[in-house]
Amino acid sequence: MTALLNVAGLDAAYGPVQVLRGLELHVDEGEVVVLLGANGAGKTTTIRAICQMVDTKGSVTVGGTELVGKRPEQMAGFGIAHVPQGRGTFPELTVEENLEVGAYVRKDKSAIKDDIDRWYGLFPRLAERRTQTAGSLSGGEQQMLAVARALMSRPRLLLLDEPSLGLAPIIIRDLFTKFEELNEAEGVTMFVVEQNANLALDIADRAYVLEAGRVVLTGSAVDLRADDAVRRAYLGF
């Protein structure tokens, strides 16, 4: 497979505080890759560095295009959609208006309505609430909307930062089932930062383990699930 996302020698810092140190990872076209790590390991910073939201040095390419030095608002134009930690919707806009905003970079205006209907099909609860404001939705519904809004840009790469955060277990399971459907049926490539390692590894092809801003372990999801250190640290057994 061909690497869609390639990260090489990546450093990232917030002012004088360095968080990522020589990070190396890749995500192939059509893969689901998960980044695991303890709080403070640099997981969210990794996604923010890919999107050029923090000071970075090194290389980040998507489809061969170098992103380091670009602006965060340019990422959608390079085929990247970012669902940040803590949802990422416009609370005062309706569900449907949020989806329309997600398609702002697209030129094929005639196909936008078809895509809205398509994601309503995947997330039927959003269809039922299309005229409600995003701020009036439940936490699970807001997360579904954030994902659907990101998909409206027809991204090559979907970045998901802690999508299960703050959600009830039954909602989390449903959400991850949707992610699996998106990957298998639509071929959406995903890079996922997630605290729920069990569920994340269930849908992943591969995973990386991050400690203190460096990758310390990588392998297939099956191999990492069987690794004793990973099981003790992240899987609870």
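Conventions and cut-offs
Residues numbered from 1 in each chain as written. Predicted model: local features only at pLDDT ≥ 70, side-chain atom pairs only at ≥ 80, totals over all residues. Heavy atoms only, no water. Helix = DSSP H or I, 4+ residues; strand = E, 2+ residues; numbered from the N terminus. Expected span 1.5 Å × (residues − 1). Buried < 20%, exposed > 50% of the residue type's maximum accessible area, 1.4 Å probe, protein only. Contact = heavy atoms within 4.5 Å. Pairing = 2+ DSSP bridges. Axes fitted to C-alpha atoms, helices over the stretch in contact; angles between N-to-C directions. Parallel < 35°, antiparallel > 145°, perpendicular 65-115°, else oblique. Left-handed = near helix turned anticlockwise from the far one by under 90°. Nonpolar A, V, L, I, M, F, W, Y, C, P; charged D, E, K, R; others polar. Core = buried A, V, L, I, M, F, W, Y, C linked by side-chain atoms within 4.5 Å.

## Digging into helix H5 (residues 139-151)
Here H5 contains 13 residues, and its C-alpha end-to-end distance of 19 Å stays within 8% of the 18 Å for a straight helix at 1.5 Å per residue. Taken across its 13 residues, H5 has 12 buried, putting it largely inside the fold. Gly 140, Glu 141, Gln 142, Gln 143, Met 144, Leu 145, Ala 146, Val 147, Ala 148, Arg 149, Ala 150 and Leu 151 are the residues of H5 that are buried. Where H5 is buried, its residues touch strand E6 (80-83), helix H2 (95-102), helix H3 (109-122), helix H4 (124-128), strand E7 (157-161) and helix H6 (169-186).

## Digging into the sheet that holds E7
Through backbone hydrogen bonds, the strands of a sheet pair up, either in parallel or in antiparallel fashion. Within the open sheet, the six strands sit side by side as E6-E7-E8-E3-E9-E10. Their pairing is mixed. Strands at the two margins of the open sheet, each flanked by one partner only, are E6 and strand E10 (214-220). The mean inter-strand angle of the sheet, taken between neighbouring strand axes irrespective of direction, is 15°. Sheet analysis places strand E3 (residues 32-37) next to strand E8 (residues 189-193), joined by four bridges and oriented parallel. When the sheet's bridge partners are listed, Val 32 is paired in E8 with Met 190.

## Some points on the pairing of E7
Most of E7 sits out of view: five of its five residues are buried. Side chains of E7 alternate between two faces, with Leu 157, Leu 159 and Asp 161 and Leu 158 and Leu 160 buried alike. Here four bridges tie E6 to E7, and the two strands are oriented parallel to one another. Paired with Ala 81 across the two strands is Leu 158, which belongs to E7. Pairing between E7 and E8: five bridges, direction parallel.

## A closer look at the packing of H5 against H6
Angle between the axes and distance between the axes are the two parameters that describe a pair of packed helices. H6 packs onto H5 with a crossing angle of 15° between their chain directions and a minimal axis gap of 10 Å. Between H5 and H6, the angle is such that the two are roughly parallel. Both H5 and H6 take part in a crossing whose hand is right-handed. Of H6, the residues touching H5 (which contributes Gly 140, Gln 143, Met 144, Val 147 and Leu 151) are Ile 171, Asp 174, Leu 175, Phe 179 and Leu 182. Residues belonging to the contact of H5 with H6 are distributed by class as follows: seven nonpolar, two polar and one charged.

## Description of H3
Along its 14 residues, H3 runs 21 Å from first to last C-alpha, staying within 8% of the 20 Å computed at 1.5 Å per residue. Residues Ala 111, Ile 112, Asp 115, Ile 116, Trp 119, Tyr 120 and Leu 122 constitute the buried set of H3. Each element contacted by the buried residues of H3 is listed here: H2, H4, H5 and H6.

## Some remarks on the nonpolar core
Counting residues in each nonpolar core, the largest one holds 49 residues, and the members touching the most others are Leu 126, Leu 158, Leu 160, Phe 179, Leu 182 and Met 190. Ranked by residue count, the leading element in this core is H5, at seven residues. When neighbours within four sequence positions are excluded, Phe 179 is seen to be in contact with Val 147, Leu 160, Pro 163, Met 190 and Ile 203. Listed in part, the 29 residues of the second largest apolar core include Val 19, Val 27, Leu 67 and Tyr 208.

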